[in-house]
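What follows is the residue order along each chain.
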Amino acid sequence: MKGEVLGDVGLHMAETDNVVTAIDDLETGTEIPWGGTAIELQEDVEFGHKVALEPIQPGDVVRKYGEPIGEAVETIAPGEWVHTHNCESARGRGDRADAEVI
Amino acid sequence: MATFDGYPRPTGPAGVRNYVAVIPTSVAASAVADAIADRTVENVRSTPHQMGIDPPDGACEQIERTLSGIGQNPNVGAALVVALGTETIDADGIADAIAATGRNVETLTIREAGGTAAAVGTGVDHARELWDGIADARREERDASELVFGVECGGSDATSGIAANPAVGAACDRLVRDGGTASFSETPEFIGAEHLLAERCVDDEVRDRLLERVERRESAAQLMGVDLRGAQPTPGNQDGGLTTIEEKSLGAIVKGGTTPVRGIVEYAESLPVGGGLVLMDTPGYDIESVVGKVAGGAQIVAFTTGRGSTTGNPLAPVIKVTGNPKTADRLASNMDVNASTIIDGESIDAVGERIYETLLAVASGKRTAAEQRRLEEFAINELQPNELAELRGNA
């Protein structure tokens, strides 16, 4: 597998990524080793979903595969689930284009 | 050298299957085409679709290109074109294009035959004769460089970008190294990853064309004032852990491997044989996208899925690859390759090797799960109003 497996529970695809992908159904409190310490899961996270490794502010780029996959729309703390509720695409946004025109 | 056992054709590369294709020109002839295929022998296959009698000009041209390409696919040894007889779509033109490649072709018009029952009767006679003409074909050893490998993903989840797609990408790299062609498509799923594809284009012309195609698909969402997030990633993709189109695209493009992008062709346009990695500009709908590549000449398709897909194609074997361990288990009878072992530590290259071996075995006659179950979906991409407006603007 490309990337680095962290503690058998998360897959970190590239060094610059601020999220990790759960490779099992993970429960609140699960620890993911990171940066010499451990990130504690703030909520249950399903297989294939992402967890923040670092604090992410609204407007910050969320990075996976070493590439931007979207922007945070809320403050996200380490150990929180990162998905459509707190991270949005920056592309294909006809809704935003309209708002800018007006 | 890698080889497969295929059916030689009068022109072009060898087929991996030996079919009589029964090709309706419109939805009005689809039921008759199905009935003819059902009542003949197993190797007579129909390609029923939903297109209407009198489509607008640009759409008509795309349908004719698709159906001609389907009849010219190396897996087709002979073809029967079936029309109601009132279509704008040129049945004779399609038959002529197929005949120009040295294949036997018949046309059948339901109106002239005297109605559906009579047309089915006459059609069965034609199909039997056409089959008799190719039934003696025997496989012979051919070079892997004759293979055109279509690559598709559907029902994606987070495992698609981690396991199944990179493994299929490794198989594409192997085939390209052996002189063959690989092709992936679904332009909406280049969005957010197009800069990585652009870097790999062989020249400025290919790069500009690729970026223009991506821009066109993305601006379609903007023109309509919609948020692409409503459709991409799909709700199912989101359940599987994919948050944005960028994330989906970055995971999707790896299914084409790592070799240079040699070109990008239109929907259903002929894919060059021995052309390396060539993209096709298609929408994101799996079935239409697979049909586009089969019309472009792909003899064989790999279809990766995370959440599960059971789809096949009437004329090209579809190899199912999943990277999701639960799908590998639940849909075991619909899957051909389990790539979820990558998550447990098997290397991407090792799984890519298994996929390449499967590709050669299927090319030589081994049946895929979809073929064993006769799963044969077929649909042609229907041009949207904005695309038709654009075509008119260019005319």
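Please read all numbers here as calculations on a predicted model, not as lab measurements.

**With respect to the overall build of chain B**
- On a plain count of helices and strands, chain B comes out with 15 helices and 13 strands.
- Taking 395 residues into account, the globule formula puts the C-alpha radius of gyration at 21 Å, and chain B, at 20 Å, falls close to it.
- Along the longest, intermediate and shortest principal axes, the C-alpha atoms of chain B span 60 × 50 × 40 Å.
- Relative to its 395 residues, chain B shows a buried fraction of 61%.
- A fraction of 74% describes how many contacts in chain B between residues 6 or more apart in sequence connect residues 24 or more apart.

**What about the nonpolar core?**
All names here are of chain B.
- Among the nonpolar cores identified, the biggest contains 65 residues, and F149, F190 and L279 are the most heavily contacted of them.
- The dominant element in this core, judged by the number of residues it contributes, is helix α6 (residues 158-177), at 10 residues.
- Core analysis: the second largest hydrophobic core is formed by 30 residues, Y19, I23, A83 and V294 among them.

**A closer look at empty space enclosed by the protein**
- Under the counting rule described, the total for this entry stands at three cavities of 30 Å³ or more.
- For the largest cavity, the calculated volume is near 50 Å³.
- In terms of lining residues, the largest cavity is bounded by R45(B), G312(B), N313(B), A316(B), P317(B), V318(B), T368(B), A370(B), E371(B), R374(B), L375(B) and E376(B).
- A breakdown of the residues in the lining of the largest cavity according to their chemical character gives five nonpolar, three polar and four charged.
- A volume near 50 Å³ is recorded for the second largest cavity.
- Forming the boundary of the second largest cavity are Y65(A), C153(B), S156(B), D157(B), S160(B), G161(B), N165(B), L242(B), E247(B), K248(B), G251(B) and A252(B).
- Elements supplying a minimum of two residues to the lining of the second largest cavity: α6 and α10 (245-252) of chain B.
- By residue number, the principal contributor to the lining of the second largest cavity is α10(B), which donates four residues.

**Digging into the pairing of strand β2 (residues 19-24) of chain B**
Residue and element names in this part refer to chain B.
- Counting buried residues along β2, six of its six residues qualify, which places the element largely inside the surrounding structure.
- For β2 and strand β4 (residues 76-83), the ladder comprises six bridges, and the chain directions are parallel. What sits directly across from P24, in β4, is V82.
- Once the chain exits β2 it traverses helix α1 (residues 27-38) before rejoining the sheet at strand β3 (residues 44-46), and the crossover so formed is right-handed.

**Quick notes on the environment of V148(B)**
Residue and element names in this part refer to chain B.
- Of note, V148 is situated in strand β7 (residues 148-153).
- For V148, a relative accessible area of 1% gives the class buried.
- Counting along the chain gives 178 residues from V148 to K326, while the straight-line C-alpha distance between them is 31 Å.
- Residues within four places of V148 in sequence aside, it is in contact with T181, L271, V273, G297, A298, Q299 and I300.

**Observations regarding the packing of α1(B) against helix α5 (residues 116-134) of chain B**
All names here are of chain B.
- The interhelical angle for the contact between α1 and α5, taken along N-to-C directions, is 45°, at an axis separation of 9 Å. Taken together, the axes of α1 and α5 are oblique relative to one another. The two elements α1 and α5 meet at a crossing, and its hand is right-handed. The segment α1 lies against α5, with V32, A35 and I36 engaging T116, A119, V120, G123, V124 and A127.
- Its residues assigned to classes, the contact of α1 with α5 comprises seven nonpolar, two polar and no charged.

**Examining the UniProt feature "domain: D-galactarate/Altronate dehydratase second" (unreviewed entry) in chain B**
- Within the UniProt annotation, "domain: D-galactarate/Altronate dehydratase second" (unreviewed entry) is assigned to residues 6-131 of chain B.
- Secondary structure content for residues 6-131 of chain B is 45% helix and 19% strand, while the C-alpha to C-alpha distance between its ends is 17 Å.

**Describing the side chain of S156(B)**
All names here are of chain B.
- Within the secondary structure, S156 sits in the loop between β7 and α6.
- By relative accessible area, which is 5% here, S156 ends up buried.
- With sequence-adjacent residues up to four places away left out, S156 is seen in contact with N237, L242, K248, G306 and R307.

**Regarding the domain arrangement of chain B**
Residue and element names in this part refer to chain B.
- Under the domain assignment, chain B is made up of domain 1 (19-136) and domain 2 (143-373).
- Centre-to-centre, using C-alpha coordinates, domain 1 lies 28 Å away from domain 2.
- At the boundary of domain 1 with domain 2, total buried surface from both sides reaches about 1200 Å², with 55% on carbon and sulfur atoms.
- On the surface where domain 1 and domain 2 come into contact, there are one salt bridge.
- One salt bridge in this structure joins R367 and E42, with 3.2 Å as the shortest N-O distance.
- Summed over the shared surface of domain 1 and domain 2, the result is seven residue pairs in polar contact (both at pLDDT 80 or more).
- Elements with a contribution of two residues or more to the side of domain 1 that touches domain 2: β2, β3 and α2 (57-72).
- In terms of residue count, α2 provides more of the side of domain 1 that touches domain 2 than any other element does, five residues in total.
- Of the residues that constitute the side of domain 1 that touches domain 2, the class distribution is five nonpolar, seven polar and three charged.

**A short note on the interface of chain B and chain A**
- Chain B puts 37 residues into the contact, and the matching count from chain A is 31 residues.
- Counting across the chain B and chain A interface gives five salt bridges.
- Here R91(A) ties to E194(B) by a salt bridge, and the two come within 2.6 Å at their closest N and O atoms.
- Elements that contribute at least two residues to the side of chain B that touches chain A include exactly α6, α7 (194-200), α8 (204-223), α9 (235-239), α10 and α12 (325-330) of chain B.
- Of the residues forming the side of chain B that touches chain A, the biggest block, five residues, is contributed by α10(B).
- Residues belonging to the side of chain B that touches chain A are distributed by class as follows: 15 nonpolar, 13 polar and nine charged.

Calculation notes
Residues numbered from 1 in each chain as written. Chains lettered and ligands numbered in written order. Predicted model: local features only at pLDDT ≥ 70, side-chain atom pairs only at ≥ 80, totals over all residues. Heavy atoms only, no water. Helix = DSSP H or I, 4+ residues; strand = E, 2+ residues; numbered from the N terminus. Rg over C-alpha atoms; globule rule 2.2 N^0.38 Å. Buried < 20%, exposed > 50% of the residue type's maximum accessible area, 1.4 Å probe, protein only. Contact = heavy atoms within 4.5 Å. Core = buried A, V, L, I, M, F, W, Y, C linked by side-chain atoms within 4.5 Å. 1 Å grid on protein atoms, 1.4 Å probe; cavity = no way out; pocket = protein on both sides within 12 Å on 5 of 7 lines; lining within 4 Å. Points joined across faces, edges and corners; volume = space filled by probe spheres on them. Nonpolar A, V, L, I, M, F, W, Y, C, P; charged D, E, K, R; others polar. Pairing = 2+ DSSP bridges. Right-handed = clockwise from strand over helix to strand, strands pointing away. Axes fitted to C-alpha atoms, helices over the stretch in contact; angles between N-to-C directions. Parallel < 35°, antiparallel > 145°, perpendicular 65-115°, else oblique. Left-handed = near helix turned anticlockwise from the far one by under 90°. UniProt positions renumbered as here; feature names shortened; annotations may be inferred. Domains from an automatic or database assignment. Buried area = accessible area lost by both parts, 1.4 Å probe. Salt bridge = Lys/Arg side-chain N within 4 Å of Asp/Glu carboxyl O. Polar contact = N/O pair within 3.5 Å; in protein donor to acceptor, adjacent residues only side chain to side chain.

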